Amino acid sequence: MIKTLRSFISHISILKFSLSFLILGTLLYCSEKTNEKLEKSPDLVLDDYSKSLSEIKKDGKLSVITIYNSTSYFLYRGKPMGFEYELVKKLADHLDLELDIKVAEDIDHLFDMLNAGEGDLIAFGLSVTEDRKEIVNFTDYHYLTHQVLVQRRPEDWRRLPMYKIKRRTINDPIEMIGKTVHVRKNSSYFERLENLEDEIGGQIDIQLVPGNKTTEDIIKMVVNKEIDYTIADYNIAAINQTYNPILDIDTEISFSQRIAWAVRKNSPELLVAINSWLKTIKKKDFYYVVYNKYFKNKKSYRRRIKSKFYSKNEGKISQYDEIVKANVESLGWDWRLLSSQIFQESRFKPNENSWAGAGGLMQIMPATAKDLGISDITNPAQNIRGGTKYLEQLREKFTNVKDSIQKIKFTLAAYNCGLGHVRDAQRLAKAFDENPYEWDDNVEDYMLKLSSREFFSRPEVKYGFVRGREPFLYVKEIFLRYEHYQKLIPFETPATKVVSN
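As a starting point, this report considers the structure included with it. (Residues numbered from 1 in each chain as written. Predicted model: local features only at pLDDT ≥ 70, side-chain atom pairs only at ≥ 80, totals over all residues. Heavy atoms only, no water.)

### Some points on the packing of helix α3 (residues 83-94) against helix α10 (residues 268-281)
Closest axis-to-axis distance for the α3/α10 pair is 11 Å, and the angle between their directions is 115°. Put simply, α3 runs roughly perpendicular to α10. When the axes of α3 and α10 are compared, the crossing they make is right-handed. For the pair α3 and α10, the contacting residues are L87, K90, L91 and H94 in the first and I274, W277 and I281 in the second. Of the residues contributing to the contact of α3 with α10, the split by class is five nonpolar, one polar and one charged. (Axes fitted to C-alpha atoms, helices over the stretch in contact; angles between N-to-C directions. Helix = DSSP H or I, 4+ residues; strand = E, 2+ residues; numbered from the N terminus. Parallel < 35°, antiparallel > 145°, perpendicular 65-115°, else oblique. Left-handed = near helix turned anticlockwise from the far one by under 90°. Contact = heavy atoms within 4.5 Å. Nonpolar A, V, L, I, M, F, W, Y, C, P; charged D, E, K, R; others polar.)

Have a look at this one:
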């Protein structure tokens, strides 16, 4: 009996020791995994910065962080475009806010910028991951996708039957063992590859590329034979394959993943507002038309990517850039600002004519063209030279406006609706104790009022009724577009030679 009792106690002691060892091992494992998780997460610090939706509305501006690439945000023929851009513009309109786009130079810093208060929202196709959920709150997802291996087909793939192509490419994730795959570190692709190594029981040679390389940039490296393999979301890989048919994107390496936008952890009101808007807009055709435009319409994508006027190719706004640069020096403006005005006037169509008879790139009236010495209003060089000269003449009418930006806005307004109507708006502003030499929030307000009999019939008004909303929007839209041009098109020293007829 005593012997049995001693044996029982001995077993209990062994069990206690084993349990203690197991608990210790578990703690060490958890600690190791936690450290590993922290190491895999982006080098981010959660700042104390916060800004409520009511504070955003008080400022009147929604600041959005995005990436300059071929699907999210770019310029094509002078027009801002992109899946994220079009949607977030709708969101800003819905919230009755002005849209302010912030372009992140480096994808790795998207979350830093958000949590430091440089923007209110990341509008970019982010994969929803557990690591990222610790530092941001994701919106409801936009769409589902999955990750694929991006590789080249054989050079002679068009002459080969499919089974021979398959023999010379990777068709199963298990075949990635020992292969070199290039991705950004702080991306869901890097995280997926690390997990995949555990799943297939073998090591993948994961090589890192700089964070300022977009997924499209890395895919292009595959096409150009700089690297052999990368990973991409299927919808991005598919749209790139349309222009680069040598790409093989058939090897899936993940389950479906949610793609969403993100806000700060301390922005619950903004999150609710965005999710509510998303729920509504996803019921409308607009949302799916926009998605198809950037991820499904292969013909449109090929046309953009091949164009010299796709901003990521040559940094051009239009085919008239050199003419604009040659004429803008005397005006003293940034050539990109004048380009924005030309887009506003004619969408860069030299044969455009308005209902009032104005024509050419800068929509000059025939009588004005005659005074400016323009013999052919459809000739781009003559039209831009004449339009620039007319802008100079108008600018000289605003010598009392000391601020250079305000002077430009007065000049643009006068170009659109005539000097007389701008003078009327200035006199009204003065009559109501507002600043007649400040366009923003002063004269522009009275320009809007000039479409109302209560104001255009006042004694200060000499030129009568005008659709004040037209010059109001004209100035605003030119400057908003100019902001896009500044972000995406490099400033160059204006050309010194005069472009001939």
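### Comments concerning helix α18 (residues 404-417)
In this model, α18 (14 residues) spans 20 Å end to end at C-alpha, consistent with the 20 Å of a helix rising 1.5 Å per residue. Within α18, 10 of the 14 residues are buried, leaving the element largely enclosed by the surrounding structure. For α18, the complete set of buried residues consists of Q406, I408, K409, F410, T411, L412, A413, A414, Y415 and C417. Tucked into the core, α18 has its buried residues touching α15 (335-346), α17 (380-395), α19 (419-431), α20 (439-449) and α22 (469-488). Measuring from the backbone nitrogen of I405 back to the side-chain oxygen at the start of α18 gives 3.0 Å, which picks out D403 as the cap. (Expected span 1.5 Å × (residues − 1). Buried < 20%, exposed > 50% of the residue type's maximum accessible area, 1.4 Å probe, protein only. Polar contact = N/O pair within 3.5 Å; in protein donor to acceptor, adjacent residues only side chain to side chain.)

### Regarding the environment of R258
With respect to the helices and strands, the residue R258 is situated in strand β13 (residues 257-263). For R258, a relative accessible area of 40% gives the class partly exposed. In sequence terms R258 and G125 are 133 residues apart; their C-alpha atoms lie 9.3 Å from each other. Filtering out sequence-adjacent residues up to four positions away, R258 remains in contact with L126, S127, V128, K133, Y141, Y143 and L144.

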